[in-house]
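# Geometric and topological summary
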Amino acid sequence: MTKTIMLQGTGSDVGKTVLVAGLCRIAANRGLKVKPFKPQNMSNNAAVSDDGGEIGRAQWLQAMAARVPSSVHMNPVLLKPQSENGSQIIVQGKVFGQAKGRDYQRLKPQLLGAVLDSFETVKAGADLVVVEGAGSPAEINLRAGDIANMGFATAAKVPVVLVGDIDRGGVIASLVGTHAILPDEDRAMITGYLINKFRGDVSLFDDGIRQIEGFTGWPCFGVVPWLKSAGRLPAEDSVVLERLVSKGAGALKVAVPMLPRIANFDDLDPLAAEEQVELVFVKPGEALPADAGLVVLPGSKSTIGDLKVLRANGWDRDLQAHRRRGGRVIGICGGYQMLGNRITDPLGLEGEDREIAGLGLLDVETEMAPEKTVRNSSARSLEYDAPLTGYEIHLGVTKGADCNRPSVSIDNRADGAISADGRVMGTYLHGLFGSDAYRRALLASFGVEGGAQSYRQTVDQALDQVAEELEAVLDKHWLGSLLD
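Here is what the cut-offs are and how they apply
Throughout this description, residue numbers start from 1 for each chain and increase along the sequence as written. The predicted nature of this model means local features are confined to residues of pLDDT at least 70 and side-chain atom pairs, given and counted, to a pLDDT of 80 or more, with totals for whole chains, interfaces and linings taken over all residues. In computing side-chain values, all of the structure's heavy atoms are included and hydrogens and water are not. Counted as salt bridges are all cases of a side-chain nitrogen of Lys or Arg within 4 Å of a carboxyl oxygen of Asp or Glu. Buried, partly exposed and exposed residues are distinguished by accessible area as a fraction of the type maximum, computed with a 1.4 Å probe on protein chains only: under 20%, between the cut-offs, and over 50%, respectively. Should DSSP find at least two bridges between two strands, the strands are regarded as paired. For the purposes of this entry, the term helix denotes a DSSP run of H or I that reaches at least four residues, the term strand denotes a run of E that reaches at least two, and both are numbered from the N terminus. For helices, the fitted axis covers only the stretch in contact; all axes are lines through C-alpha atoms, and the angles between them, taken along N-to-C directions, range from 0 to 180 degrees. Here a residue-residue contact requires only that any non-hydrogen atoms of the pair lie within 4.5 Å. Handedness of a crossover is defined as follows: with both strands directed away from the viewer, a clockwise route from the first strand across the helix to the second makes it right-handed. Only Phe, Tyr and Trp rings take part, Trp by its six-membered ring, and two of them pair if their centres are within 6.5 Å. Stacked means planes under 30 degrees apart, edge-to-face means over 60, and tilted covers everything else. Throughout this description, any angle smaller than 35 degrees is read as roughly parallel, any larger than 145 degrees as roughly antiparallel, any in the 65 to 115 degree range as roughly perpendicular, and the remainder as oblique. Throughout, the ten residues Ala, Val, Leu, Ile, Met, Phe, Trp, Tyr, Cys and Pro are labelled nonpolar, Asp, Glu, Lys and Arg are labelled charged, and all others, Gly among them, are labelled polar.

## A short note on the pattern of salt bridges
For the structure shown, the criterion picks out 28 salt bridges. As a salt-bridge pair, D402 and R405 come within 2.4 Å of each other at their nearest N and O atoms. A relative accessible area of 7% places D402 in the buried class. Through salt bridges that share partners, R25, R67, D460 and D464 make up one connected network.

Okay, structure coming up:
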């Protein structure tokens, strides 16, 4: 019989994603067939699963932690926020439609069946399924029709462990408050709690644990320290970028404008992991640094909307100046579309704007089209004759003179464009920086030596280290009840 456990948070960004990944790796290291599951996710950081649909990047990482193929059923409902049109809704890997917040609340009960069907698919053949909630069960104003937290847990009869983030403060109040406001049926699903992101001497929180148990009756299953290795894992939500000034320091500065609907920003993680690279996330109101050698325009869930924001911040002028200084520019997916002369959206897929002038750094034009490309791809860099492994998730068709100098060959199909002077490149392929040979060749073109280690191997090692740190602090009896 498959064992199940669900981690829910007292709020967003309490560290559930990493804890689920760590539990998956602990179980996999003990020889169990373990799988992750998240009923509903909201993120523009998407991945293409091994069975060919869209899921949250976090569930792709958790599947990697579990050492199992990723599946659309691990994240049956994915919401991808757009600008004017609310969120695009992905159900079991495929586009279901789009809706604004209030409309989606009415739609949720219709999606519970798909969520439960996917859960049964994930459970099949598994020894353990570790489920991640979304947001907080304490949002009782959203309880009716809920499919992300207690609505799922009660329907699927999955026991819950509540996670509190002590680093943000008020963890006792958040745990006790959650206990106080939950209805009896939901409260009964909670078997205990975890304290996450603790810094310092854990014994200083002994009184806190006793007080929480006094108010709630819940046992503590562990006080988890700030996991050092977690910083080497891809982040799920762009909220983390708001807390970053830069990552790393080195001979090459790479600048990335922080756009509101930035998507698949973990494309940049392999660059951040390089010792000789300083990756700078440029916040709205700041100028692109004049000493940057490379500017990367990442993916976007709202290309036209983000292009308008880029102009409003003066980053278009900064890009022109950057190129005049001899700097280079790489655009990925939506960033590639922005680099062209024009973007048209005749069907209004992204909103009311039907046309917008591009940055004019590539001689190409893009037309948005309803057919969505979603696939894992084997490719090759035509610039450096280096193998690439990545994925495509995009709307739109891009054509123009610079496409006659394609940057990439994807499954023997030309993709992307390179400017006549070779300083501007665009592609629809996500994941190119994670391809080790390409990344080293790119850095070498700037006179910078890239690291010898495989980026994927560094992520895998970080997962092992997270698992090791977790196993040392989690309650042995509770962990044994899941793994024995």
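After that view, the rundown keeps rolling.
## Here we look at the sheet that holds strand β11 (residues 190-198)
Spatial ordering of the open sheet is given by β2-β9-β1-β10-β11-β12, a layout of six strands whose pairing is parallel. Both edges of this open sheet fall to β2 (34-37) and β12 (220-225), since each of them pairs with a single strand only. Taken pair by pair, the neighbouring strands of this sheet meet at an average axis angle of 20°, ignoring direction. Examined bridge by bridge, strand β1 (residues 3-9) and strand β10 (residues 160-165) share four bridges and lie parallel to one another. Directly across from L7, in β10, lies its bridge partner V161. Across the sheet, helix α3 (residues 101-123) is in contact with β1, β2 and β9 (128-132); its angle to β2 comes to roughly 165°.

## Observations regarding the pairing of β12
With respect to burial, β12 is a largely interior element, five of its six residues being buried. Across three bridges, the pairing between β11 and β12 is parallel. Of the residues in β12, the one forming a bridge with F198 is P225. Handedness of the crossover is the feature at issue here: the chain leaves β11, passes through helix α7 (residues 206-216), returns alongside β12, and the resulting connection is right-handed.

## Thoughts on the packing of aromatic side chains
Tallied over the full model, the rule gives eight aromatic pairs. With centroids separated by 5.0 Å and ring planes inclined at 55°, the aromatic side chains of F37 and F119 adopt a geometry described as tilted. Of this pair, F37 sits in strand β2 while F119 sits in helix α3, and the two are 82 residues apart along the sequence. Accessibility assignment for this pair places F37 and F119 in one class, buried.

## Focus: helix α2 (residues 57-66)
Of all 10 residues in α2, nine are buried, a share of seventy percent or more. Those residues of α2 not exposed but buried are R57, A58, Q59, L61, Q62, A63, M64, A65 and A66. Just downstream of α2 lies R67, where phi reads positive at about 60°.

## Side note on the packing of α2 against helix α13 (residues 455-473)
Where α2 contacts α13, the two axes come as close as 10 Å, and the packing angle between them is 70°. One finds that α2 runs roughly perpendicular with respect to α13. For the pair α2 and α13, contact is made by W60, L61, M64 and A65 and by R456, V459, D460 and L463, respectively. The residue inventory of the contact of α2 with α13, partitioned by class, reads six nonpolar, no polar and two charged.

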